[in-house]
Amino acid sequence: MKNILVIFLALFGATTLCHAQACYFCSHEWTSSRADGHAPIGVMGDHTHQSGEWMFSYRYINMNMDGNREGTSRLSPSEVLKDYMVTPTDMDMEMHMLGAMTAPTDWLTLTFMLPFVDLSMNHQTRSGGRFKTEASGLGDIRVNSLFRVFDQMSQRVHLSAGVSLPSGEIDERDDTPTMSDAKLPYPMQLGSGTVDLLPGITYLGQYESFSWGGQASGTLRLGENDNDYTLGNRFDATAWAAYQPVQELSVSFRTLWQSWGDIDGSDPDLSPALISTADPTKRGGERLDLGVGINLFLPSMKSLRLAVEYLFPVYQDLNGPQLEVDSTIVVGAQMTF
Ligand SMILES: [Cu+2]
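Residues numbered from 1 in each chain as written. Predicted model: local features only at pLDDT ≥ 70, side-chain atom pairs only at ≥ 80, totals over all residues. Heavy atoms only, no water.

Undergrad: Would you mind going over the domain arrangement of the protein chain in detail, with residue names and values included?
TA: Here the domain parsing of the protein chain yields domain 1 (1-30) and domain 2 (32-336). Distance between the C-alpha centres of domain 1 and domain 2: 35 Å. In this assembly, 11 residues from domain 1 lie in contact with 16 residues from domain 2. Buried surface at the junction of domain 1 and domain 2, summed over both partners, amounts to about 1400 Å²; 65% is from carbon and sulfur atoms. At the junction of domain 1 with domain 2, the criterion picks out 0 salt bridges. At 4 residues, the largest contribution of residues to the side of domain 1 that touches domain 2 is made by helix α1 (residues 2-11). For the side of domain 1 that touches domain 2, the per-class residue count stands at 7 nonpolar, 3 polar and 1 charged. (Domains from an automatic or database assignment. Contact = heavy atoms within 4.5 Å. Buried area = accessible area lost by both parts, 1.4 Å probe. Salt bridge = Lys/Arg side-chain N within 4 Å of Asp/Glu carboxyl O. Helix = DSSP H or I, 4+ residues; strand = E, 2+ residues; numbered from the N terminus. Nonpolar A, V, L, I, M, F, W, Y, C, P; charged D, E, K, R; others polar.)

Undergrad: Talk me through the coordination of the copper ion; I want residue IDs and the actual numbers.
TA: Any two of four tetrahedral donors ideally make an angle of 109.5 degrees at the metal, while pairs among six octahedral donors ideally make 90 or 180 degrees. Around the copper ion, the donor atoms from the protein are H47 (NE2), H49 (NE2), M55 (SD) and M101 (SD), and they sit 2.0 to 2.4 Å away. Coordination at the copper ion is tetrahedral, judged from the 4 donor atoms that bind it and the angles of 101 to 120° they form at the metal. Sequence positions of the residues that donate to the copper ion give the spacing H-x1-H-x5-M-x45-M. A residue is classified by how much of its surface remains accessible, and H49, at 3% relative accessible area, is buried. For M55, a relative accessible area of 2% gives the class buried. (Donors = N, O, S within 2.8 Å, 3.2 Å for Na, K, Ca; no water. Tetrahedral: all angles 85-135°; square planar, octahedral: opposite > 155°, others 65-115°. Buried < 20%, exposed > 50% of the residue type's maximum accessible area, 1.4 Å probe, protein only.)

This is how it looks when you write it as structure tokens:
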């Protein structure tokens with residue numbers, strides 16, 4: 001009961017009320033030197049570094065989408081094919097993400113993220129034919145500055161200001177039954193084609209073998225890309241809690257809310273009457289995911305970290321018909337020098 005009271009006081013900033021010698025928050029600073037010193041691996045830019053540190057990371061992300069949805073109801077392929085000549089049936093989005101972080105000073109951490117994207121989508125036509133399209137290559141490079149603005153009472157807060165650069169291709173093509181080398185629809189393109197601003201705020205806390213955190217972030221598209229459209233802005237909010245029975249291992253639970261808008265403008269090479277993925281008004285939506293994760297921390301091996309997280313949606317509302325997400329898995333390795 002006393003512990004709960006102490007957490008409550010610390011969370012609400014009642015620091016002046018507490019000077020107890022035994023108080024965990026008064027006697028500890030937030031530390032990354034524990035398994036849950038990093039958030040679940042699906043969270044990006046979750047932590048800051050100490051001056052002079054470098055961290056290199058690799059993440060593999062696989063998102064599986066299967067079946068269409070309009071609003072919160074599922075649609076069968078034959079229902080979608082009443083309105084369109086072709087429907088997507090399922091899609092695999094794979095991403096290999098290389099990352100680097102470095103801190104020139106304690107209050108500033110810089111992050112670089114280099115994604116390689118691999119997309120494949122299966123389709124069914126009104127006449128019963130099936131085909132697959134694929135696209136792969138470099139995605140949008142992200143550069144971020146994380147500003148640590150609070151570091152007391154075993155808690156930290158940092159603000160992030162970043163940009164996503166239009167390095168991902170937006171003219172990907174592949175063969176379809178009606179046209180060889182056809183321009184692929186919006187979700188099969190590798191980047192946004194615009195410079196995007198990435199603002200965010202992250203809060204972290206630790207208490208004995210427990211930790212928690214939250215992050216809110218946005219993706220704000222600037223201007224219009226070379227194909228006359230702008231992807232919808234995004235808003236993500238996530239919160240997690242972790243328990244570490246030993247310093248080397250932690251398990252986490254997470255909720256993730258994502259909401260993203262429709263496309264503004266349209267690519268003149270695409271025909272929205274043919275397939276829903278080419279319709280700029282059928283791209284927005286919102287989704288709530290739950291996630292479970294494991295972090296391993298091996299201080300003896302260059303502070304090597306290995307982590308995995310599995311996320312699945314419990315609610316999604318889509319401007320459809322649009323493919324719905326079934327699961328996301330994130331696997332990662334991180335090394336700090
Ligand atoms: Cu790092």
